[in-house]
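What follows is the residue order along each chain.
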Amino acid sequence: MLMPSQGVRILVATKPVDFRKGHDGLAALVQSTLAEDPFTGTVFVFRSKRADRLKILFWDGSGLVMAYKRLEESSFTWPAVRDGAMTLNRAQFEALFAGLDWRRVRSLEVRRPAVAE
């Protein structure tokens, strides 16, 4: 699973991080800076000082998974730099990951259908 499944929590750390950090360093940042548990299945997204790079960290049940992406000819649209993290839904995350402006993406709110008897 590289793309998070529906219903998975996705948190974007809004401050740039040192991209020399690997699995353990990012997991420590999740605990110390974001006050979150990196071993819950939540997907954590990190940005570099250069806006053209991101890292993703999540626990898949058997180990920490880390992915790195660098855009070649543009930069990611990031939230304002401040302390903490912000939540994205899956559609917004997919737009961010593709290099699109995630702020323009809205999820459809669909009511749960009633069961016909």
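First, a word on scope: everything that follows refers to the structure included in this document. All of these numbers come straight from a predicted model, not from anything done at the bench.

Cut-offs used in this document
Think of each chain on its own: its residues are numbered from 1, step by step along the sequence as written. Given that the model is predicted, a residue must reach a pLDDT of at least 70 before its local features are reported, and side-chain atom pairs must reach 80 or more before they are shown or counted; all residues, however, enter totals for whole chains, interfaces and linings. The side-chain quantities take in all heavy atoms of the structure and omit both hydrogens and water. To qualify as a helix, a DSSP run of H or I must reach at least 4 residues; to qualify as a strand, a run of E must reach at least 2; elements of each kind are numbered from the N terminus. Burial classes follow relative accessibility: with a 1.4 Å probe on protein chains only, a residue under 20% of its type's maximum area counts as buried, one over 50% as exposed, and anything between as partly exposed. Note on definitions: a residue-residue contact is assigned when non-hydrogen atoms from the two residues lie within 4.5 Å. Using a 1.4 Å probe, accessible areas were evaluated by the Shrake-Rupley method; residue-level cover was limited to the displayed protein chains. Here the positive residues are Lys and Arg and the negative ones are Asp and Glu; neither His nor the chain ends is included. Taken as the charge location is NZ of Lys, CZ of Arg, CG of Asp or CD of Glu. At least two bridges found by DSSP between two strands are what make those strands a pair. Geometry is summarised by axes, namely lines fitted to C-alpha atoms with helices restricted to the contacting stretch, and by angles between N-to-C directions that run from 0 to 180 degrees. Note on ring pairs: Phe, Tyr and Trp rings are taken, using the six-membered ring of Trp, and paired if centres are within 6.5 Å. Classes follow the plane angle, with under 30 degrees stacked, over 60 edge-to-face and the rest tilted. In this scheme, the term charge over a ring applies when either NZ of a lysine or CZ of an arginine sits within 6 Å of the ring centre and within 35 degrees of the ring normal. We define a salt bridge as a side-chain nitrogen of Lys or Arg found within 4 Å of a carboxyl oxygen belonging to Asp or Glu. Under the rule applied, a polar contact is a pair of N or O atoms within 3.5 Å (in protein, one hydrogen donor and one hydrogen acceptor; residues adjacent in sequence only if both atoms are side-chain atoms).

Focus: the overall build of the protein
Here comes step 1: If you tally the helices and strands in the protein, you get two helices and five strands.
Here comes step 2: Put simply, the protein runs from its N terminus to its C terminus through helices and strands in the order β-α-β-β-β-β-α.
Here comes step 3: C-alpha extents for the protein along the principal axes are approximately 60 × 35 × 25 Å.
Here comes step 4: Sorting the 117 residues of the protein into buried and exposed places 38% on the buried side.
Here comes step 5: Once local pairs closer than 6 in sequence are excluded, the contacts in the protein between residues at least 24 apart make up 58%.
Here comes step 6: Within the structure as shown, the protein displays about 7,400 Å² of accessible surface, and the carbon and sulfur contribution to it stands at 50%.
Here comes step 7: Separation of charge centres in the protein, based on 18 positive and 13 negative side chains, amounts to 5 Å.

Observations regarding the sheet that holds strand S1 (residues 10–13)
Backbone-to-backbone hydrogen bonds pair the strands of a sheet. The strands run either parallel or antiparallel.
Here comes step 1: Across the sheet, five strands lie side by side as S4-S3-S2-S1-S5; this open sheet has mixed pairing. Of all strands in the sheet, those with a lone pairing partner are strand S4 (64–70) and strand S5 (85–88), marking the two edges. The sheet shows a mean angle of 25° between the axes of neighbouring strands, direction not considered.
Here comes step 2: Bridge analysis of strand S3 (residues 53–59) against S4 gives seven bridges, and the strand direction is antiparallel. Counterpart to tryptophan 59 in the pairing with S4 is leucine 64.
Here comes step 3: Against the sheet, helix H2 (residues 90–97) contacts S1, strand S2 (43–47), S3, S4 and S5, and its axis sits at roughly 105° relative to S5.

Things to note about the packing of aromatic side chains
Here comes step 1: Inspection of the entire model under this criterion finds four aromatic pairs.
Here comes step 2: When the ring of phenylalanine 39 is compared with that of tryptophan 59, the centres are 5.3 Å apart and the planes differ by 85°; the resulting orientation is edge-to-face. Note that phenylalanine 39 is positioned in the loop between helix H1 (23–32) and S2 and tryptophan 59 in strand S3, a separation of 20 residues in sequence.
Here comes step 3: Judged by its relative accessible area of 28%, tryptophan 59 falls in the partly exposed class.
Here comes step 4: The ring of phenylalanine 19 is capped by lysine 55, whose NZ or CZ atom sits 5.1 Å from the centre of that ring.
Here comes step 5: Over the face of the ring belonging to phenylalanine 97 we find lysine 69, whose NZ or CZ atom lies 4.4 Å from the ring centre.

Describing the side chain of lysine 55
Here comes step 1: Among the structural elements, lysine 55 can be located in strand S3.
Here comes step 2: There is no salt bridge for the buried lysine 55, and the closest opposite charge comes from aspartate 18, which lies 7.4 Å off by N-O distance.
Here comes step 3: A distance of 2.7 Å separates a polar atom in the side chain of lysine 55 from the backbone oxygen of lysine 21.
Here comes step 4: If we ignore the near neighbours within four places in the chain, the residues touching lysine 55 are Phe19, Lys21, Leu26, Phe44, Val45, Phe46, Met66, Ala67 and Tyr68.

Details of the pattern of salt bridges
Side chains that carry opposite charge are capable of pairing whenever their charged atoms lie near each other.
Here comes step 1: Enumeration according to the criterion identifies eight salt bridges in this entry.
Here comes step 2: The closest approach of N and O atoms between arginine 20 and aspartate 18, which form a salt bridge, is 2.9 Å.
Here comes step 3: Relative accessible area serves as the criterion here: at 75%, arginine 20 is assigned to the exposed category.
Here comes step 4: Overlapping salt bridges bring together Arg50, Asp52 and Arg53 as one network.

Scope: geometric values only; no functional claims are made or implied.
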